[in-house]
Amino acid sequence: MDLRRLSMAKPYSFSIAVSRPLTHVTSTAQQQQELHNQQQQQLHSPQPPSHNHPETSNQSLIKWVSFTLSNQSLDPSKCKLFLPKLSPHEFDRLFLTIRSNVNPKTALHFFYFASNSCKFRFTVRSYCLLIRLLLSSNLISPARLLLIRLVDGKMPVLYASNPRSRHIEIATEMVGLNDITEPVLGVQVADLLVHIYSTQFKNLGFAYAVDVFSIFSSKGIFPSLKTCNFLLNSLVKDNEVQKGIEVFETMFRGVCPDVYLFSTAINAFCKRGRIEDALGLFTKMEELGIAPNVVTYNNIIHGLCKNGRLDEAFQFKEKMVLREVEPSLITYSILINGLIKLEKFDDANYVLQEMVSQGFVPNEVVYNTLIDGYCKNGNISEALKIKDDMVSKGMSPNSVTFNSLIQGFFKSGQMNNAENALEEMLSRGLLINQGAYTSVIHWLCTNSRFDSALCFTKEMLLRNLRPGDGLLTALVGGLCKKGMHAEAIELWFRLFEKGFTANTVTSNALIHGMCEAGNMQGAVKFLKEMLKRGVILDKVTYNTLILGCCKAGKLEEAFKVKEDMIKQGMQPDSYTYNLLLHGLCNNGKLEEAIKLWNVCKRNGFGPDVYTYGVMIGGYCKADRVEEGEKLFNEMIFKKVELNSVVYNTLIRAYCKNGNMTAAFRLSHDMRSRGIPPTSATYSSLIHGLCNSGLVEDAKCLLDEMRKEDLPPNVVCYTALIGGYCKLGQMDMVESVLQEMASINIHPNKITYTIMIGGYCKLGDMKEAANLLSVMAEKGISPDAITYNVFMDGYIKEGKVEEAFKVCDHMLSEGLSLDEITYTTLINGWQSSASTN
């Protein structure tokens, strides 16, 4: 639509006078005059209608209704006489005939009396005719109230169509009753209907008001300019922009637009992104001699700025100055906002200075626009300067200010300041947007500050803001990892209390946390709560429970969960069976694992690399390495993709058994298949060589690791130290420790335990005791194994009393005595007793 070429139609009104023939009433002027004379003669003594003669009865009804409705007051007793003899459609025909003689106030009372006391259902046309009579008598308030009750369905009405579309029927009847001799009344009716639907029944949506407008305008009846302005403005404000544009295009054909209507229409076109149509309308407006005001210019300037056409926007600003239209605070705000969006901060500050020089004081909108722009640009220092200037002018930073600053702090990496800003907003009771909460909570979770993250999440819930599912899952998972299971459960229940729901993924994270903590009873109880609250269980839920049961050694319960999973219509997948196989193998139930393995294969579950890895691990743990390698060869035959985990499992088993030839054969095969060895591979080989007394060969593997860009870790060095300790070469142990220190690798509990064993083997209990002290200094707590090795050293030296002192020290540290402790002490005591 090219609005620059749009011709301005001269407003006109077009109406159709509708007359509906009455069955028993003649329509000639002479007959009507005779009828009127008869009515006047019998005005004071009309007789109730009789059913003996239909034609006479009809004439009597006309007289009776005319007499009743033309009186100054209503006689309810007389109404009750003739109402039972009338149908709604008969009254409708009579009412239309005698409308010129009706007293509108009496008719209104009659309608309310007949509806309320006699439950009489008038037609829609009867109500519309009464409303028109009230308006023509300037009884606007009663007419408005009656129309509202009619639209609201509070009056007993006989509808011709579906009551749900009564707004269409009412408008159609109103248009049908329009008389060409009463153009003003037609406009009044249109105004009243449009206004009521736009205000009193706004909750229905502006579509009803638009429908009414369309029905009237299609018959050439347009609301007044004031109502047109109101309707268009309402549509644009309610973001019904497209409807607004369509309505304006219709208005343009029948109403002479003023500056307000043009300005609103221009705003609508700009909001819709139709900037060229807006400019065309602006031009048309000037051609018609309608001077644009500051609102018109602001709408055009805003539309141009939104489209990035800043140069044209500034041209319009200069144009308004030339036309002696003073730019307003809004004009400058729009221009500053446009410049900030294009990151033209220098230009924005120049406009700000001009604005101040014109006597305008920047308001919160201007300040917040600048602050938000600098924050998005990452220039938080400049944003803070503007905030300080804002405060110095006596304005308090509001929610918009702080929300922008929080995002700015995050962009510049000042996370603590973002957290502080959020806390300040809370203390001041400011409205916080979801993005600010989410950013801070996410950062707190990333930095394992789950206490603070939980506090802010609770604040969100208090304000009826729901955290995203991803954030909730991260928070619940983090709380569980930190051992805060009770807090995680409380958060889950609080979500439901607020009317929100925790999704399956978040709920699974909570179950996983309880299973990891070994709280299987709590996990099962929580599962029941999930079902009770309608949370959908999926395979992850069941697999998580199975994993927890297997870790806790509760294999029977794990298989029960699998059966329940099947009952719920979910078939176990390969991951489910892998978990069960792993649980059986870890608990030494290899034969049962083999049976389940065969069941899986019979049921069509082709084992994957993980399944093979679990079974090979089970065979190796049961010291049936050759059978494990048979499975390995089966993998190769079936072309199952191999990985380092499977190789490392077999290599570790062969190294443990001292079969270094087989171990190195597998490591070479691993390389030949393009699978690089890992730190675990080298750790096993180093450990195997050291156990075989080939410590120097093991040391060469450390050099090989470095060439492979695999820095030796504490496990590799500990294995090497163990080898030297077995050989009694404690001087070489010191050399290894120095090398570890040079590359910042620190001995762990196992390293110290092995070294203590080395010194004990040599009978150097003083150095062994010294190492225990060093452990304490470094904050490494010895365990039962460490103390057992130390006590064994004393026993071998015949120092039983010292061994028992170590035992007492263990108990004071809260360590439980194990079977090895008791055996070591008893053997030492017996040996000492026999010697003595």
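Predicted model, so just to flag it, every value in this text is computed and none were measured. (Residues numbered from 1 in each chain as written. Predicted model: local features only at pLDDT ≥ 70, side-chain atom pairs only at ≥ 80, totals over all residues. Heavy atoms only, no water.)

Participant: How would you explain the overall build of the protein if you had to name every residue and give the values?
Facilitator: What the protein contains, in helices and strands, is 45 helices and two strands. Taking 28 Å as the expected radius of gyration for a compact globule of 836 residues, we find that the protein reaches 46 Å, considerably beyond that expectation. With respect to the principal axes defined by its C-alpha atoms, the protein has extents near 150 × 80 × 55 Å. A total of 836 residues make up the protein; the buried ones form 47% of that total. Put simply, 63% of the contacts in the protein that link residues at least 6 apart link residues at least 24 apart. For the protein, the computed accessible surface area is about 41200 Å², with 52% contributed by carbon and sulfur atoms. Computed over 86 positive and 84 negative side-chain charges, the separation of the two mean positions in the protein equals 9 Å. (Helix = DSSP H or I, 4+ residues; strand = E, 2+ residues; numbered from the N terminus. Rg over C-alpha atoms; globule rule 2.2 N^0.38 Å. Buried < 20%, exposed > 50% of the residue type's maximum accessible area, 1.4 Å probe, protein only. Contact = heavy atoms within 4.5 Å. Areas by Shrake-Rupley, 256 points an atom, 1.4 Å probe, with all protein chains shown as cover. Lys, Arg positive; Asp, Glu negative; His and termini not counted. Charge placed at Lys NZ, Arg CZ, Asp CG, Glu CD.)

Participant: Can you break down the packing of helix H19 (residues 364-376) against helix H20 (residues 380-392) residue by residue, with the values?
Facilitator: At a minimum axis distance of 7 Å, the contact between H19 and H20 shows a crossing angle of 165°. Regarding the angle of H19 to H20, the classification is roughly antiparallel. In the packing of H19 onto H20, the handedness of the crossing is left-handed. Every residue of H20 that contacts H19 at Glu364, Tyr367, Asn368, Leu370, Ile371, Tyr374 and Cys375 is listed here: Ile380, Glu382, Ala383, Ile386, Lys387, Asp389 and Met390. Looking at side-chain class alone, the contact of H19 with H20 contains nine nonpolar, one polar and four charged residues. (Axes fitted to C-alpha atoms, helices over the stretch in contact; angles between N-to-C directions. Parallel < 35°, antiparallel > 145°, perpendicular 65-115°, else oblique. Left-handed = near helix turned anticlockwise from the far one by under 90°. Nonpolar A, V, L, I, M, F, W, Y, C, P; charged D, E, K, R; others polar.)

Participant: Residues and numbers for helix H40 (residues 730-742), please.
Facilitator: Owing to its 3.6 residues per turn, the α-helix aligns residues three or four sequence positions apart on the same side. With 13 residues, H40 should cover 18 Å at 1.5 Å per step; its first-to-last C-alpha distance of 19 Å lies within 8% of that length. Those residues of H40 not exposed but buried are Met730, Val733, Val736, Leu737 and Met740. Seen from one end, H40 has its buried residues packed into an arc of 100°, which puts them on one side. Away from its buried face, by an angle of more than 90 degrees, H40 presents the exposed residues Asp731, Gln738 and Ser742. Buried residues along H40 sit in contact with helix H39 (714-726) and helix H41 (749-761). Backbone geometry just downstream of H40 places asparagine 744 in the positive-phi region, at approximately 60°. (Expected span 1.5 Å × (residues − 1). Arc of directions from axis to C-beta.)

Participant: I'd like to hear about the packing of aromatic side chains, residue by residue, with values.
Facilitator: All chains considered together, the criterion is met by 28 aromatic pairs. A centroid spacing of 5.2 Å and a plane angle of 20° characterise the contact between phenylalanine 91 and phenylalanine 95, whose relative ring orientation is stacked. Of this pair, phenylalanine 91 and phenylalanine 95 are both found in helix H4 (residues 88-97), four residues apart, which corresponds to roughly one turn of the helix. Given the relative accessible area of 0%, phenylalanine 95 is considered buried. Summarising the aromatic geometry, the rings of phenylalanine 111 and phenylalanine 122 are spaced 3.9 Å apart at their centres and angled 20° between planes, so their arrangement reads as stacked. Of the two residues, phenylalanine 111 sits in helix H5 (residues 104-116) while phenylalanine 122 sits in strand E1 (residues 122-123), which places them 11 residues apart along the sequence. (Phe/Tyr/Trp six-rings, centres within 6.5 Å; stacked < 30°, edge-to-face > 60°.)

Participant: Please set out the nonpolar core residue by residue, giving values where relevant.
Facilitator: Nonpolar side chains in soluble globular proteins generally cluster together in the buried interior. Core analysis: the largest hydrophobic core is formed by 273 residues, its most contacted members being Phe91, Phe110, Ile170, Phe216 and Ile686. Sorting elements by how many residues they give to this core places helix H6 (residues 124-136) first, with nine residues. Apart from residues lying up to four places away in sequence, phenylalanine 91 is in contact with Val65, Leu69, Leu86, Phe110, Phe111, Phe120, Phe122 and Ser126. (Core = buried A, V, L, I, M, F, W, Y, C linked by side-chain atoms within 4.5 Å.)

Participant: Outline the pattern of salt bridges, listing residues and values.
Facilitator: By the definition in use, this model includes 34 salt bridges. With a shortest N-O distance of 2.5 Å, arginine 125 and aspartate 92 are connected by a salt bridge. Here arginine 125, found in helix H6, pairs with aspartate 92, found in helix H4; they are 33 residues apart in sequence, far enough to count as distant. We classify arginine 125 as buried; its relative accessible area is 5%. Judged by relative accessible area, aspartate 92 falls into the buried class, the value being 7%. (Salt bridge = Lys/Arg side-chain N within 4 Å of Asp/Glu carboxyl O.)

Participant: Can you break down the state of the cysteines residue by residue, with the values?
Facilitator: Tallying each qualifying case throughout the model produces zero disulfides. Here cysteine 585 stays free of any disulfide, with the sulfur of cysteine 620 as its closest cysteine sulfur at 10 Å. (Disulfide = S-S within 2.5 Å.)

Participant: Give a detailed account of the confidence of the model for the protein, specifying residues and quantitative values.
Facilitator: Looking at the protein as a whole, its pLDDT mean stands at 84, while 91% of the residues score no less than 70. Per-element averaging of pLDDT across the protein places helix H1 (residues 29-41) at the bottom with 41 and helix H36 (residues 660-672) at the top with 93. For residues 1-45, every residue scores under 50 in pLDDT, and the model assigns this stretch 75 contacts once sequence neighbours within four places are set aside. A low-confidence stretch, residues 50-56 (pLDDT under 50), is modelled with two contacts involving residues beyond four sequence positions or located in other chains. (pLDDT = per-residue confidence, 0-100.)

Participant: Can you explain helix H13 (residues 259-271)? Please cite residues and give values.
Facilitator: An ideal rise of 1.5 Å per residue puts 18 Å on 13 residues; H13 measures up with 18 Å between its terminal C-alpha atoms. Among the 13 residues in H13, 10 count as buried, and that is most of the element. Taken residue by residue, H13 has Val259, Leu261, Phe262, Ser263, Thr264, Ala265, Ile266, Ala268, Phe269 and Cys270 as its buried positions. Looking one or two residues beyond H13, the residue adopting positive phi is glycine 273, at roughly 85°.

Participant: Explain the packing of helix H32 (residues 590-602) against helix H33 (residues 609-621) to me, and be specific about the residues and the numbers.
Facilitator: The relative placement of two packed helices is expressed as an angle between their axes plus a distance between the axes. Following both chains from N to C, one finds H32 and H33 inclined at 155°, their axes separated by 10 Å at the closest point. With respect to H33, the element H32 is oriented roughly antiparallel. For the pair H32 and H33, the crossing hand works out as left-handed. Judged by residue contacts, Leu590, Ala593, Ile594 and Trp597 of H32 engage Thr611, Tyr612, Met615, Gly618 and Tyr619 from H33. Across the contact of H32 with H33, the residue classes tally to seven nonpolar, two polar and no charged.

Participant: Tell me about the side chain of threonine 576, residues and numbers included.
Facilitator: Assignment of secondary structure puts threonine 576 in helix H31 (residues 574-586). The class for threonine 576 is buried, based on a relative accessible area of 0%. Within the structure, the side chain of threonine 576 is placed 2.7 Å from the side chain of asparagine 543, a separation counted as a polar contact. (Polar contact = N/O pair within 3.5 Å; in protein donor to acceptor, adjacent residues only side chain to side chain.)

Participant: Requested: an account of unusual backbone geometry, with residues and values cited.
Facilitator: A negative phi holds for most residues other than glycine; trans holds for most peptide bonds. For glutamate 343, which is not a glycine, the phi torsion comes out positive at approximately 60°. For asparagine 744, which is not a glycine, the phi torsion comes out positive at approximately 60°. Here asparagine 744 is to be found in the loop between H40 and H41. Classification of asparagine 744 by relative accessible area gives exposed; the value is 56%.

Participant: If you had to explain the side chain of threonine 331 to someone new, which residues and values would you point to?
Facilitator: Mapped onto the fold, threonine 331 is located in helix H17 (residues 329-341). For threonine 331, a relative accessible area of 1% gives the class buried. Leaving out residues up to four positions away in the same chain, threonine 331 has contacts with Val294, Asn298, Ile301, Lys317 and Met320.

Participant: Explain the environment of phenylalanine 252 to me, and be specific about the residues and the numbers.
Facilitator: Note on placement: phenylalanine 252 falls in the loop between helix H12 (241-251) and H13. On a C-alpha basis, the gap between phenylalanine 252 and leucine 426 in space is 51 Å, while along the polypeptide they are 174 residues apart.

Participant: Quick one: what's the story with the environment of aspartate 573, residue by residue and with numbers?
Facilitator: By the secondary structure assignment, aspartate 573 is in the loop between helix H30 (555-567) and H31. With a relative accessible area of 22%, aspartate 573 lands in the partly exposed category. When the C-alpha atoms of aspartate 573 and threonine 786 are compared, they prove to be 43 Å apart, with 213 residues separating the residues in sequence. Leave out the neighbours within four places in its chain, and aspartate 573 touches Lys539, Asn543 and Phe605.

Participant: Could you give me a rundown of the environment of lysine 601, with the residues and numbers involved?
Facilitator: Tracing the sequence through the fold places lysine 601 in helix H32. A relative accessible area of 34% means that lysine 601 is categorised as partly exposed. Distance in space between the C-alpha atoms of lysine 601 and phenylalanine 632 is 16 Å, their sequence separation being 31 residues. The residues contacting lysine 601, other than those within four sequence positions of it, are Pro607 and Glu634.

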